[in-house]
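Inside the fold
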Amino acid sequence: MVDTIPSELYQRAKDWTFQEIIARRLPGKDGIPARVSKFNRDFRLAFRLEGLDPVAITARMKSEGLLRIHPAKHRADVWLFPTQIGLDCANLEDLVGEQKQEFDGEESSEDKRKNYTHKTESRFPNYDYPAKNSWRENWIRFLGSNLSVGPNTRILTFLAPQALELPQYDSLGIRRENIVCVERDREYFATLEDKQLGVDLHNTEMSDFLQKTDCRFDAILLDYDGGISEDVIKTLELIVDRGLLRDQSVLGLNLFDRRESEERKMLYLEPFLEQGMPGYHSAGVNPARDILPPTITASQRDMNGIRDYGITAVVLKLLLGKDATRINQRMLQHLPWKERESWKAYIASEAPKRYVDFIRINDELREYLQVETGSQCVDPMLMKLAVLSSLEASRPYFVTKQFRSQYLTEAKNNGFYSDFFALDTRREDFRVLDHRLLTRFARGQEDLCNLSRKWKRTNSRTRKRISHQIRGGYDDLMLAYDGFFVGEHIPERARIL
Ligand SMILES: C[S@@+](CC[C@H](N)C(=O)[O-])C[C@H]1O[C@@H](n2cnc3c(N)ncnc32)[C@H](O)[C@@H]1O
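In this text, all values refer to a predicted model and were calculated from it rather than measured experimentally.

Let's shift gears to unusual backbone geometry. Of note, K38 is a non-glycine position whose phi angle comes to about 70°, a positive value. Its location among the elements puts K38 in the loop between β1 (32–33) and α2 (39–46). Judged by its relative accessible area of 14%, K38 is buried. Phi is positive for A160, close to 70°, though the residue is something other than glycine. Here A160 lies in the loop between β4 (155–157) and α7 (166–171).

Another point: the sheet that holds β1. For sheets, the rule is that strands pair by backbone hydrogen bonds, running either parallel or antiparallel. Reading across the sheet, the 3 strands line up as β1-β3-β2 and stay open at both edges, with antiparallel pairing between neighbours. Two strands close off the open sheet at either side, each with one partner strand: β1 and β2 (67–71). Inspection of the sheet shows β1 paired to strand β3 (residues 78–82) by 2 bridges, in the antiparallel sense. For P33, the partnering residue across the bridge sits in β3 and is W79. Each of β2 and β3 touches helix α3 (residues 54–63); the most contacted strand, β2, lies at about 115° to it.

Residues I179 and C181 of strand β5 (residues 179–182) are buried on one face, and the alternating residues V180 and V182, pointing to the opposite face, are buried as well. Pairing geometry for β4 and β5, over 3 bridges, is parallel. By the bridge assignment for β5, L156 is matched with V180. Considered for its hand, the β-α-β crossover made up of β4, α7 and β5 is right-handed. In the sheet, β5 pairs with strand β6 (residues 200–202) via 3 bridges, with the strands oriented parallel.

This paragraph deals with the pairing of strand β8 (residues 245–256). The side chains of a regular strand alternate between both faces of the sheet. Most of β8 is tucked away, with 9 of its 12 residues classed as buried. By the bridge criterion, 6 bridges tie strand β7 (residues 217–223) to β8 in an arrangement that is parallel. Paired with I220 across the strands is L251, a residue of β8. One crossover worth recording links β7 to the parallel β8 by way of helix α10 (residues 230–241), and it is right-handed.

Aromatic ring pairs are defined here through the distance separating the ring centres and the angle between the ring planes. Inspection of every chain in the model, using the stated rule, returns 13 aromatic pairs. A centroid spacing of 6.1 Å and a plane angle of 80° characterise the contact between W16 and F47, whose relative ring orientation is edge-to-face. Here W16, found in helix α1 (residues 7–24), pairs with F47, found in the loop between α2 and α3; they are 31 residues apart in sequence, far enough to count as distant. By the burial criterion, W16 is buried, and F47 matches it.

Another point: the site of the ligand. Not every one of the 20 residues close to the ligand is listed here, only the nearest: R136, E165, E183, M206 and D223. Contact between the ligand and M206: a nitrogen atom at 2.9 Å from a main-chain N or O atom of the residue. For the ligand, a nitrogen atom lies 2.6 Å from a polar atom in the side chain of D223. A total of 600 Å² of accessible area belongs to the ligand in isolation, and the protein chains cover 98% of it. Residue contributions to the shell around the ligand peak at 3 residues, all from helix α6 (residues 130–146).

Quick look at helix α19 (residues 448–457) now. Along an α-helix, a turn takes 3.6 residues, which lines up residues three or four apart on a common side. Buried within α19 are the following residues: L448, L451, S452 and W455. Down the axis of α19, the buried set is contained in an arc of 105°. They therefore lie on one face. Here the buried face of α19 lies against α13 (329–334), α16 (380–394), α18 (439–442) and α20 (460–482).

Right, let's talk about the sheet that holds strand β11 (residues 494–496) for a bit. Overall, mixed pairing links the 8 strands, which are arranged β6-β5-β4-β7-β8-β10-β9-β11 in an open sheet. Strands with a single pairing partner mark the edges of an open sheet, and in this sheet they are β6 and β11. With direction set aside, neighbouring strand axes in the sheet form an average angle of 15°. Of the strand pairs in this sheet, strand β9 (residues 398–407) and strand β10 (residues 416–424) are connected by 9 bridges, and their pairing is antiparallel. Paired with S405 across the strands is S418, a residue of β10.

On the secondary structure map, V55 appears in helix α3. A relative accessible area of 48% means that V55 is categorised as partly exposed. When the C-alpha positions of V55 and V78 are compared, they lie 10.0 Å apart, and in sequence the two are 23 residues distant.

Counting residues in hydrophobic clusters, the biggest one holds 80 residues, and the most contacted among them are L156, L222, L251 and L253. Considering every element that reaches this core, the biggest residue donor is helix α12 (residues 300–319), with 9 residues. Leave out the neighbours within four places in its chain, and L222 touches F158, M206, T235, L236, I239, G252, L253 and N254. If you look at the next biggest cluster of nonpolar residues, it comprises 30 residues, including I155, L197, L221 and F420.

It is worth spelling out α1 at this point. Across its 18 residues, α1 extends 25 Å between first and last C-alpha, which sits within 8% of the 26 Å expected from 1.5 Å per residue. α1 sits mainly inside the fold: 14 of its 18 residues count as buried.

Rules of the game
Numbers given to residues run from 1 along each chain, matching the order in which its sequence is written. The predicted nature of this model means local features are confined to residues of pLDDT at least 70 and side-chain atom pairs, given and counted, to a pLDDT of 80 or more, with totals for whole chains, interfaces and linings taken over all residues. Calculated side-chain values reflect all of the structure's heavy atoms, with hydrogen atoms and water omitted. Secondary structure counts use DSSP, requiring at least four H or I residues in a row for a helix and at least two E residues in a row for a strand, with both numbered from the N terminus. Here the term buried applies to any residue with accessible area under 20% of the maximum for its type, exposed to any over 50%, and partly exposed to those in between, with areas from a 1.4 Å probe on protein chains only. For two strands to be treated as a pair, DSSP must find at least two bridges joining them. A contact between two residues is defined here by any heavy atoms of the two lying within 4.5 Å. Working convention: axes come from line fits to C-alpha atoms, limited for helices to the stretch in contact. Angles between N-to-C directions cover 0 to 180 degrees. Place the viewer so that the strands point away; then a crossover is right-handed whenever the path from the first strand over the helix to the second strand goes clockwise. Here a pair means two rings of Phe, Tyr or Trp (six-membered ring of Trp) with centres within 6.5 Å. Their orientation is stacked below 30 degrees between planes, edge-to-face above 60, and tilted elsewhere. Here, proximity means that at least one heavy atom of the residue falls within 4 Å of the molecule or strand. Any pair of N or O atoms that falls within 3.5 Å is considered a polar contact. Within protein, one atom must be able to donate a hydrogen and the other to accept it, and sequence-neighbouring residues count only if both atoms are side-chain atoms. Residue-level accessible areas treat just the shown protein chains as cover; the underlying method is Shrake-Rupley with a 1.4 Å probe. As used here, the arc is the angular range of directions from the helix axis to the C-beta atoms. Among the buried residues, those of types Ala, Val, Leu, Ile, Met, Phe, Trp, Tyr and Cys that are joined through side-chain atoms within 4.5 Å form a nonpolar core. A helix is expected to span 1.5 Å for every residue after the first.

What follows is the structure, encoded as structure tokens:
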């Protein structure tokens, strides 16, 4: 079987094996114990998608004279030693000098407990295993501490046939009809239906459901059983763009830590590619200031860092609302006619396709609005208002709390990354736009010149009061935007076994 694997894949497995043996060796040792050093476990994780077995691969390497394999003395383990021929053939370019993992040959009972082996009980995937159970507990804890949960709390989730989340929602007192479950698999869906759980079930794709629903949710949990994909991005985009989460809400995203195709890796990389965005730098990750994976190269080791922060960065970008997915029309409307036309021509010629482009152009437009138009005899306070109304039109969600974690599981299990976000639309900062003097302008039905004329006719006491509110909202929002991507606000990912 192992002889039939593609040569490119076998080469990759060999390189990985040599690199890991060298990285894991204790000082003075030439080899490693395959099991105790967690080589076997990590090999299975690294090649899970391809289904490679470390025992078969190392046996083949031995038969080719690339490795020596000796039984270990006191346990059911073997020592792996690279031969000189093996080392000569190996591609060790990506090797990191320091040893990755320390081991002393003894496996504690704690390790044994963590090295749980997942067993499938039925024809359905089994989500009842320690890492998943502890993740579920963390989710419920996060939900409970960031929302005022009650019978009417509405949750959108993938329950899967076993519906293991349900008892936890029950324990929070949430009414079953407020649990909305989307399941695309017909058989899984039928199983859920047969159970008569009293939840609101939909047999469809999540993105299709989100396209149509007009419900707003207190929490949305996207517990995927796969990695990043265009569909995941589209789903997140729909949630934010259609404002499907309530003003104070919680969003959860789980993604597998599987190896992605080169194309899909770009989905993580995109937020990091943009450098040095001007002004409203919250719009992009700024490598000089923000926390980033140590180096961004194509190597597998760095890919872990890119994935780790990439998942969070993708979500944060999309939380900027419509500013991440299209040109902010409200902002264009606030510009004088001539400038508006020239921006439109510029936008058409640039033909932006990626959301970082939209964010950057909106950022530039906003700056232009403040700097250029501000100098054209319009009260600076109204310029702040124009910025405020364009931000409102984008409908962003601000992160008030995050919990980032990674769940590591035994080889046959599914390790995954998990991101929880507590969100707030900061409605109170935009409230001034509801003032009757400003509503037409805030809806884009009135231009700055008109508003300016009205503003001058308004009595000074009202102007003062409104100005105070504009300034408050504007300053608070600018601060919040500034914090969107700042590294210190992105917590380290907890590693949970
Ligand atoms: C990882 S499981 C959910 C496990 C559950 N949260 C738990 O803790 O027990 C994901 C479920 O969602 C379904 N699913 C995955 N992606 C989906 C999508 N895009 N639309 C609809 N259903 C999806 C899968 O068929 C599967 O039953």
